[in-house]
Amino acid sequence: MSENYFASVDVGSLSTDVVIINSAGKTMSEVVLDTGVNGVAAAQKAIDLALEHSNLTQEQVIAVTATGYGRASVPFASGKTTEISCHGVGAHQLFPKTGTVIDIGGQDSKVIQIDDRGRMLDFTMNDKCAAGTGRFLEVMADRLELGLNELSDPSHITGKSARISSTCTVFAESEVISLMAKHTRREQIVNGLQRSIVNRIWSMVTSIGIEGEVTLTGGVANNRGLVLVLEEKLGQKLNVPENPQTVGALGAALIALRNFNNQHF
Ligand SMILES: Nc1ncnc2c1ncn2[C@@H]1O[C@H](COP(=O)(O)OP(=O)(O)OP(=O)(O)O)[C@@H](O)[C@H]1O
Ligand SMILES: [Mg+2]
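Residues numbered from 1 in each chain as written. Chains lettered and ligands numbered in written order. Predicted model: local features only at pLDDT ≥ 70, side-chain atom pairs only at ≥ 80, totals over all residues.

Focus: the domain arrangement of the protein
Part 1 of the argument: Under the domain assignment, the protein is made up of domain 1 (1-95 + 245-265) and domain 2 (99-240).
Part 2 of the argument: In this structure, domain 1 and domain 2 have C-alpha centres spaced 26 Å apart.
Part 3 of the argument: Taken together, the elements giving at least two residues each to the side of domain 1 that touches domain 2 come down to helix 2 (83-94) and helix 8 (247-260).
Part 4 of the argument: Top element by residues in the side of domain 1 that touches domain 2 is helix 2. It accounts for eight residues.
Part 5 of the argument: Along the lines of polarity and charge, the residues of the side of domain 1 that touches domain 2 split into seven nonpolar, ten polar and no charged. (Domains from an automatic or database assignment. Helix = DSSP H or I, 4+ residues; strand = E, 2+ residues; numbered from the N terminus. Nonpolar A, V, L, I, M, F, W, Y, C, P; charged D, E, K, R; others polar.)

Focus: the environment of Asn4
Part 1 of the argument: As for its placement among the helices and strands, Asn4 is situated in the segment before strand 1 (5-11).
Part 2 of the argument: The spatial distance from the C-alpha of Asn4 to the C-alpha of Val198 is 42 Å, given a sequence separation of 194 residues.
Part 3 of the argument: Excluding residues within four positions of it along the chain, Asn4 makes contact with Ser23 and Ile62. (Contact = placed C-beta atoms within 7 Å.)

Concerning the packing of helix 3 (residues 134-143) against helix 5 (residues 169-181)
Part 1 of the argument: Two elements in contact, helix 3 and helix 5, have axes whose closest approach is 10 Å; the angle formed by their N-to-C orientations is 25 degrees. By the angle between their axes, helix 3 is roughly parallel relative to helix 5. For the crossing formed where helix 3 meets helix 5, the hand is right-handed. Contact with helix 3, carried on its side by Phe136, Val139, Met140 and Arg143, involves Thr169, Glu173 and Val176 of helix 5 and no other residues of that element.
Part 2 of the argument: Residues of the contact of helix 3 with helix 5, tallied by class, amount to four nonpolar, one polar and two charged. (Axes fitted to C-alpha atoms, helices over the stretch in contact; angles between N-to-C directions. Parallel < 35°, antiparallel > 145°, perpendicular 65-115°, else oblique. Left-handed = near helix turned anticlockwise from the far one by under 90°.)

Looking at the sheet that holds strand 5 (residues 79-80)
Part 1 of the argument: Read from one edge to the other, the open sheet built from five strands follows the order 3-2-1-4-5, with strand pairing classed as mixed. Two strands close off the open sheet at either side, each with one partner strand: strand 3 (27-34) and strand 5.
Part 2 of the argument: As defined by bridge partners, strand 4 (residues 61-67) adjoins strand 5 across two bridges and the pair is classed as parallel. Of the residues in strand 5, the one forming a bridge with Ala66 is Lys80.
Part 3 of the argument: The strands touched by helix 8 are strand 1, strand 2 (15-22), strand 3, strand 4 and strand 5; relative to strand 1, the strand with the most contacts, the crossing angle is about 140 degrees. (Pairing = 2+ DSSP bridges.)

Section: the site of ligand 1
Part 1 of the argument: In the neighbourhood of ligand 1, 23 residues make up the surrounding shell, with Gly12, Ser15, Gly105, Gly134 and Gly219 lying closest.
Part 2 of the argument: Counting residues per element, the ones that place at least two in the shell around ligand 1 are helix 3 and helix 4 (148-151).
Part 3 of the argument: At four residues, the largest contribution of residues to the shell around ligand 1 is made by helix 3.
Part 4 of the argument: Two domains each donate at least three residues to the shell around ligand 1, and these are domain 1 (1-95 + 245-265) and domain 2 (99-240). (Near = placed C-beta within 6 Å.)

This is the structure:
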C-alpha cells in the first residue's frame with residue numbers, strides 16, 4: 001500500500017508557508033513564499049513547489065489543513081485551524097519541553113501557553129497595530145536604509161542604545177527620523193528599536209506569565225539581535241527553530257495527520 005502524506009498551508013500577512021509530512025510526522029518538504037497581494041495564488045504556488053521538492057503528487061497528499069489569516073480562502077484545503085493551536089503543536093513537536101510559545105509574525109504577535117502535549121491553555125495577542133511585529137521592523141529598516149539582515153546584526157545591541165519611547169509604528173518612525181537628523185548612529189537606533197519591540201512583547205508576557213521552556217516562532221525569530229535582547233529580558237534562553245516561519249505550518253500538518261487518524265491530543 002502506498003504511504004499517505006499530509007500537508008498544510010499557513011497564509012500569513014507576509015509569508016505563505018507549506019509543510020508536507022509523512023504518516024510518521026516526518027517533514028518531507030517545506031516552502032516559504034511571500035504572500036504578496038494574492039494569498040490564494042501564493043498558497044497554490046507554495047504547495048506545488050513543496051510537492052515538487054518532495055517528489056510527490058497531489059493525490060498522495062490526503063489531507064491539507066489551512067491556517068493563518070488567509071486560511072478561509074485556500075481552495076484545496078480539507079480543513080482549517082487557528083494559528084494559535086498550530087504554533088503550539090508545531091513548537092511542541094520541535095521542542096517537547098516548550099511551555100510557552102512566542103510567535104512574532106508580520107502582522108501580529110502572540111504569547112501562547114501550552115500543556116505537555118502541545119495543547120493551548122491560554123494566549124494573548126497583539127493584532128490591532130503593527131507595534132511589536134515584524135512589520136514594525138520592516139518599516140524601520142526601510143527608513144534606516146538597512147536590509148533586514150543588517151538590522152538583525154547582534155553587534156548592534158551590545159553598545160549604546162537610542163531611546164525610542166513610542167511603541168506606535170507611526171510615532172516611532174518620527175522618532176527615528178529626528179534621531180537621524182541629529183546624526184545618532186544607526187546601530188544605536190537599531191538597538192533602541194529592538195528594545196522597543198521586546199518591551200512590547202514583554203508586556204504580553206507579563207500579562208500571561210512564562211511556563212517551562214520558551215520557543216520563539218515566526219519570521220522575527222530570524223532576527224538574531226532581537227533574540228538576544230528578548231533572552232536578556234526573559235532571563236532565559238529561547239528555543240529558536242531552524243526555520244521559524246514554518247512552525248505554524250508544521251503544526252497544521254500534524255493536526256491534519258491526527259484528524260485523519262482520529263487521534264485526540
Ligand atoms: N532573515 C530575516 N531576518 C530578520 N527578520 C526576518 C527575516 N525573515 C523574516 N523576518 C521577519 O519576519 C517577519 C515575517 O514573519 P512571518 O513570515 O512569520 O509573518 P506572517 O506569518 O506572514 O505574519 P502573521 O502571522 O502576522 O500574519 C517579517 O516582517 C520580518 O520582520
Ligand atoms: Mg504567521
